[in-house]
Amino acid sequence: MGGRGPQGQPPQEAIDALAQHYAAWRKPVAVPLAQASVESLFVDWLAHVEKNNADPQRARDAVRQWLIFFEGERRAGRITSGPYVSDINRALCQRYIDWRKAQPSRKAGHRISGATISRELAAIRATLRHAWENEIIPSAPFIPDVSEKDRPGPKDLIYTPQQVARILEAAIRIPERWHVHRFVMIMLSTHGRGEAIMELDLDLQLRDGLIYFNAPGRAQTKKRRSIVPVAPTLAPWLEGETGKAIRYRTEDKDGNVIFRDTASIKTSFEACLIEAGICEQAVDADGNPVWIEAGRGSLSKRRPKMRGIGSPNTLRHTIATELHKRGVPDAQIDAAAGHAGVGTNKKNYRHLRPDYLNEMIEGVEDFWREVGQYTTAHLRYQRDTNVVAFGGTARRRT
């Protein structure tokens, strides 16, 4: 091994050998695929998702469907134990796809969509990849996707201007839904991404008549966040406002009105859809209509349980369609939506031009004029004189 090192220290060869032994001792030993429980790997992956994902519910839902499927496979005798990673192959994945396609959707008269099944296949794919990357298993088997014909097509659900009017009226009628009203106004005036609107800070991202959806210091991602002029109809709703654009109204324990940040408007938005009549009866997992029985709360008689049709993101598809109908150039629609690339310096600074997205804004205003045939809920200063507080400022109330 050689003599002693400098100043009585062990020789370098001995130090290196000890380091290699320690590194080998610490390295995880990959579990053979035939012994690696998929359900245990799901637990590890969900813990990772819960820690790193702001909205892990889809991941939990996907895992739940796989666990139900595995139980059926065991009852049918196709899986005798486990399942283990070695059981995951093309044939099993195809059985999962066929099983899910045969199930009814919550939407009456529909089946589970190819998009949903694709997300669930992505969940087990991500689980196995996570286990492989963390050296829990020596390799990750291939997970196929749904076939081309089952893949999701274009988003064709949109709201009509009359439906938008009813949504706005339902949102502004109750103070606890005012944040939904503002979300709708911003989305339909900017074609912005939903998550960008939820995170919009007016102190930092609204200046010189422009909304900078990508906050200072935030790196652009593949889902680019755009810079969009403030449309004339939207401008009064942002005038004098500060802080987060989307905050919900509530009360503290002393009954004082306060406004709090929120990460989601899904529940309140659905309440607006139901009030606006943009809804259908909910169904259970077997496709049977769901009813709310009399005696529950203040309910005096049995009534159907309703669910909204569409989601906040349907507003984005709506304004894209409306802009196309009005002949707005694709380049301007894409730029507002965040689909256009960054490219050259000329593109980087195009928002400084006086005519930046002019035709897009004209299309937005023409859309609001059409909505105005059914309501004034989109017009802040053409309402009655009853003024109420909204996020620390005044808003005119219906």
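Residues numbered from 1 in each chain as written. Predicted model: local features only at pLDDT ≥ 70, side-chain atom pairs only at ≥ 80, totals over all residues. Heavy atoms only, no water.

Description of the pattern of salt bridges
Tallied over the full model, the rule gives 22 salt bridges. Between Arg 95 and Glu 73 there is a salt bridge; the shortest N-O distance is 2.6 Å. Placement of Arg 95 in helix H4 (residues 90–101) and of Glu 73 in helix H3 (residues 57–75) is noted, with a sequence separation of 22 residues between them. Notably, a salt bridge pairs Arg 307 with Glu 280, separated by 2.5 Å at the nearest N-O pair. One end of the pair, Arg 307, is in strand S9 (residues 306–308); the other, Glu 280, is in strand S6 (residues 279–281), and 27 residues separate them in sequence. (Salt bridge = Lys/Arg side-chain N within 4 Å of Asp/Glu carboxyl O. Helix = DSSP H or I, 4+ residues; strand = E, 2+ residues; numbered from the N terminus.)

Digging into the packing of aromatic side chains
Summed over the entire model, instances satisfying the criterion amount to eight aromatic pairs. Judged by centre distance (5.8 Å) and plane angle (85°), the rings of Trp 66 and Phe 69 are edge-to-face. Residue Trp 66 and its partner Phe 69 are located together in helix H3, separated by three residues, close to a single helical turn. Grouping residues by exposure puts Trp 66 and Phe 69 together as buried. Between Trp 66 and Tyr 96 the ring centres are 3.7 Å apart and the planes differ by 5°, which places this aromatic pair in the stacked class. Of the two residues, Trp 66 sits in helix H3 while Tyr 96 sits in helix H4, which places them 30 residues apart along the sequence. Per residue, the accessibility class of Trp 66 equals that of Tyr 96, and both read buried. In this structure an aromatic cluster arises from ring pairing among Trp 66, Phe 69, Phe 70, Tyr 96 and Trp 99. (Phe/Tyr/Trp six-rings, centres within 6.5 Å; stacked < 30°, edge-to-face > 60°. Buried < 20%, exposed > 50% of the residue type's maximum accessible area, 1.4 Å probe, protein only.)

Some thoughts on the confidence of the model for the protein chain
Residues with a pLDDT of 70 or more make up 79% of the protein chain, whose mean pLDDT is 83. Long-range and interchain partners of residues 342–346, a stretch whose pLDDT sits below 50, account for four contacts in this model, where long-range means more than four residues apart. The model gives residues 383–398 a pLDDT under 50, and that stretch makes 47 contacts with residues more than four places away or in other chains. (pLDDT = per-residue confidence, 0-100. Contact = heavy atoms within 4.5 Å.)

Some thoughts on the packing of helix H6 (residues 161–173) against helix H11 (residues 266–275)
Packing of H6 against H11 leaves a shortest axis separation of 8 Å and a crossing angle of 120°. Taken together, H6 and H11 sit at an angle that is classed as oblique. Read as a crossing pair, H6 and H11 show a hand that is right-handed. Only Phe 269, Cys 272, Leu 273 and Glu 275 of H11 make contact with H6, whose side of the interface consists of Ile 167, Ala 170, Ala 171 and Arg 173. (Axes fitted to C-alpha atoms, helices over the stretch in contact; angles between N-to-C directions. Parallel < 35°, antiparallel > 145°, perpendicular 65-115°, else oblique. Left-handed = near helix turned anticlockwise from the far one by under 90°.)

Topic: the packing of H3 against helix H5 (residues 114–133)
Where H3 contacts H5, the axes come no closer than 9 Å and their chain directions differ by 85°. Viewed along their axes, H3 and H5 adopt a mutual orientation that is roughly perpendicular. Between H3 and H5, the contacting residues are Arg 58, Ala 62, Gln 65, Trp 66 and Phe 70 on the first element and Arg 119, Glu 120, Leu 121, Ala 123 and Ile 124 on the second. A per-class count over the contact of H3 with H5 returns six nonpolar, one polar and three charged. (Nonpolar A, V, L, I, M, F, W, Y, C, P; charged D, E, K, R; others polar.)

Brief notes about H11
Here H11 has its buried residues at Phe 269, Cys 272 and Leu 273. Seen along its axis, H11 keeps its buried residues to an arc of 100°; they face one direction. Considering only its buried residues, H11 is in contact with H6, helix H7 (178–190), S6, S9 and helix H12 (312–325). Directly after H11, the chain includes Gly 277, whose backbone phi takes a positive value near 80°. (Arc of directions from axis to C-beta.)

Description of the side chain of Arg 100
For Arg 100, the location among the structural elements is in helix H4. For Arg 100, a relative accessible area of 6% puts it in the buried group. Among residues more than four places away in sequence, those in contact with Arg 100 are Gln 65, Ile 112, Thr 116, Ile 117 and Glu 120.

Considerations on the environment of Asn 89
Take Asn 89: it is sitting in the loop between H3 and H4. For Asn 89, a relative accessible area of 36% translates into the label partly exposed. Taking the C-alpha atoms as reference, Asn 89 lies 7.2 Å from Phe 142; in sequence the two are 53 residues apart. Only 3.2 Å separates the side chain of Asn 89 from the backbone nitrogen of Ala 91, close enough to count as a polar contact. (Polar contact = N/O pair within 3.5 Å; in protein donor to acceptor, adjacent residues only side chain to side chain.)

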